[in-house]
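This is what each chain is made of:
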Amino acid sequence: MSAIRYRKIVVERFGDPEALQTVEATLPALQTGHARVKVLAIGVGFTDLMARTGDYLLQRKVPFSPGYELVGEVVDFDTAGQNPAWLKDGVRVAVALTKMAAYTEFISLPLWQLVPLPEGLDPHLAAAVPLDYLTALSVLDTHGRVGQGDAVLIQGAGGGVGQALTRLGELRGLRMYGTASADGSEERLARQGVTFINYRQQDFEVELREREPDGVQAVFDHIGGTNLTKGYRLLAPGGVLVSYAFSGRPGHMVADTVRGALRVQLMNLRPGRRAALSMVPNEIKTDHAWYRSALERVLGMAHRGEIAPRIGAVLPLMKAADAHAALERREITGKVILAAT
Ligand SMILES: NC(=O)c1ccc[n+]([C@@H]2O[C@H](COP(=O)([O-])OP(=O)(O)OC[C@H]3O[C@@H](n4cnc5c(N)ncnc54)[C@H](OP(=O)(O)O)[C@@H]3O)[C@@H](O)[C@H]2O)c1
């Protein structure tokens, strides 16, 4: 098939949500080892907002399309004769990208990146799964290596990644403490057996010391700064601090990520406890087999109803600026999905 005309949302210049503009583009003819995909739904993550302002470690240069995750339908493909049985025109796939580019109506992707959607799984629900749940699997299994009965502290337990951590943690039988502040957090977390700590009103270190005097097996942190030191101090012998972002000081995230990553490396030199960094786009790039099996697994869980990401809003792709603005005003809790068609 020939070139396809389509629209995408790009960050023209770093800045506020108005920096997101619609542009027309042409998808080139099919390349060997690739598929061309018509996008149905895109998951919006906090990382997209950081990248829009130019404050993200794996920053793309402007102009670029934000977004790490999408669900779409295969338009055509060229496997050079290595045809997996599931790959057909029209088949629905989910994808997590290694470089942001998801706010688009069409995209060309290498075949290894496409994971088939279980038959009948709602594309909006599926688009809420890839990045948050792959991050949760990386944090819990690859780096945290936690198991049944372990006590863990989950920072930001009500956010996208936080919800994935609490749900998978519940299924693994973890004893969970979670920080949050949004309205309704306490009730929502209680339903998953998570003990709520309001990070705006309580000091999580004081609370945890009282409740877990022998320390916790793991702390999962996306804030950085003093949280890292406090989290590390809470670890029981053999425990692990897994850091997966450094988002505590908007506007300083690149510098804080570089500094924070170094601190994690230094902590890891001390005996008795571990510290680890999770960076999923890089983990996908370096381990395609992990990516494919982990994404297949969580999509299967979504299909069976074992995980059910909370969708806060579904907006048309062309309203991406409104979605970012609403998220920044904290008007939406739950995952935001952009519908491309
Ligand atoms: N390492 C990776 O590969 C990877 C992958 C995906 C995402 N990330 C990063 O992970 C972070 C979370 O992403 P997301 O999409 O889940 O964001 P999100 O949905 O916006 O959730 C962030 C949560 O953080 C909570 N929070 C804010 N300040 C806090 C504090 N001082 N202490 C504890 N919690 C606090 C908020 O809770 P309340 O609303 O309840 O106040 C919010 O629910 C982002 O920094 C993102 O860039 C990293």
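Preceding this section is the structure that the text describes.
It should be emphasised that the depicted structure is a prediction, and the values quoted were computed from it without experimental measurement. (Residues numbered from 1 in each chain as written. Predicted model: local features only at pLDDT ≥ 70, side-chain atom pairs only at ≥ 80, totals over all residues. Heavy atoms only, no water.)

**Some remarks on the overall build of the protein chain**
1) Next: Along the backbone of the protein chain there are 11 helices and 15 strands.
2) Next: At 20 Å, the protein chain has a C-alpha radius of gyration in line with the 20 Å of a compact globule built from 341 residues.
3) Next: For the protein chain, the residues scored as buried account for 55% of the 341 residues in total.
4) Next: Accessible surface computed for the protein chain: about 14700 Å², of which carbon and sulfur atoms make up 52%.
5) Next: Side chains of the protein chain give 38 positive and 36 negative charges; the mean places of these two sets differ by 3 Å. (Helix = DSSP H or I, 4+ residues; strand = E, 2+ residues; numbered from the N terminus. Rg over C-alpha atoms; globule rule 2.2 N^0.38 Å. Buried < 20%, exposed > 50% of the residue type's maximum accessible area, 1.4 Å probe, protein only. Areas by Shrake-Rupley, 256 points an atom, 1.4 Å probe, with all protein chains shown as cover. Lys, Arg positive; Asp, Glu negative; His and termini not counted. Charge placed at Lys NZ, Arg CZ, Asp CG, Glu CD.)

**Focus on the environment of F77**
1) Next: Among the structural elements, F77 can be located in strand β4 (residues 69-78).
2) Next: As for F77 and V37, which are separated by 40 residues in sequence, their C-alpha atoms are 8.8 Å apart.
3) Next: What F77 contacts, discounting residues up to four positions off in sequence, is L30, H34, A35, N83, L87, K88, D89 and L111. (Contact = heavy atoms within 4.5 Å.)

**Some remarks on the site of the ligand**
1) Next: For the ligand, the set of nearby residues contains 27 residues, the closest of which are S181, Y199, Y244, S278 and V280.
2) Next: In this structure, an oxygen atom belonging to the ligand sits 2.5 Å away from a side-chain N or O atom of Y199.
3) Next: One nitrogen or oxygen atom from the side chain of R330 is found 3.3 Å from an oxygen atom belonging to the ligand.
4) Next: Considering the ligand on its own, with 930 Å² of exposed area, one finds that the protein chains cover 82% of that surface.
5) Next: Elements supplying a minimum of two residues to the shell around the ligand: α1 (46-52), α3 (130-144), α4 (160-172), β9 (175-180) and α9 (280-286).
6) Next: A total of 3 residues in the shell around the ligand trace back to one element, the largest contributor, which is α1.
7) Next: Of the residues contributing to the shell around the ligand, the split by class is 13 nonpolar, 13 polar and 1 charged.
8) Next: The residue makeup of the shell around the ligand includes at least three contributed by each of domain 1 (4-128 + 309-339) and domain 2 (131-281). (Near = heavy atom within 4 Å. Polar contact = N/O pair within 3.5 Å; in protein donor to acceptor, adjacent residues only side chain to side chain. Nonpolar A, V, L, I, M, F, W, Y, C, P; charged D, E, K, R; others polar. Domains from an automatic or database assignment.)

**Observations concerning helix α11 (residues 320-328)**
1) Next: The set of residues buried in α11 consists of A320, A321, A323, H324, A325 and A326.
2) Next: Taken together, the buried residues of α11 touch β1 (4-11), β2 (20-27), β3 (34-44), α1, β14 (311-316) and β15 (335-339).

**Topic: the nonpolar core**
1) Next: Core analysis: the biggest nonpolar cluster contains 89 residues, and I42, L114, L134, L165, F220, Y291 and L299 have the highest contact counts within it.
2) Next: For this core, the leading source of residues is helix α10 (residues 288-303), giving 8 residues.
3) Next: Beyond its immediate chain neighbours, meaning those up to four positions away, I42 contacts E69, L70, A102, Y103, T104, A127, L317, V336, I337, L338 and A340.
4) Next: Of all hydrophobic cores here, the second largest spans 17 residues; its members include Y232, L241, F246 and V264. (Core = buried A, V, L, I, M, F, W, Y, C linked by side-chain atoms within 4.5 Å.)

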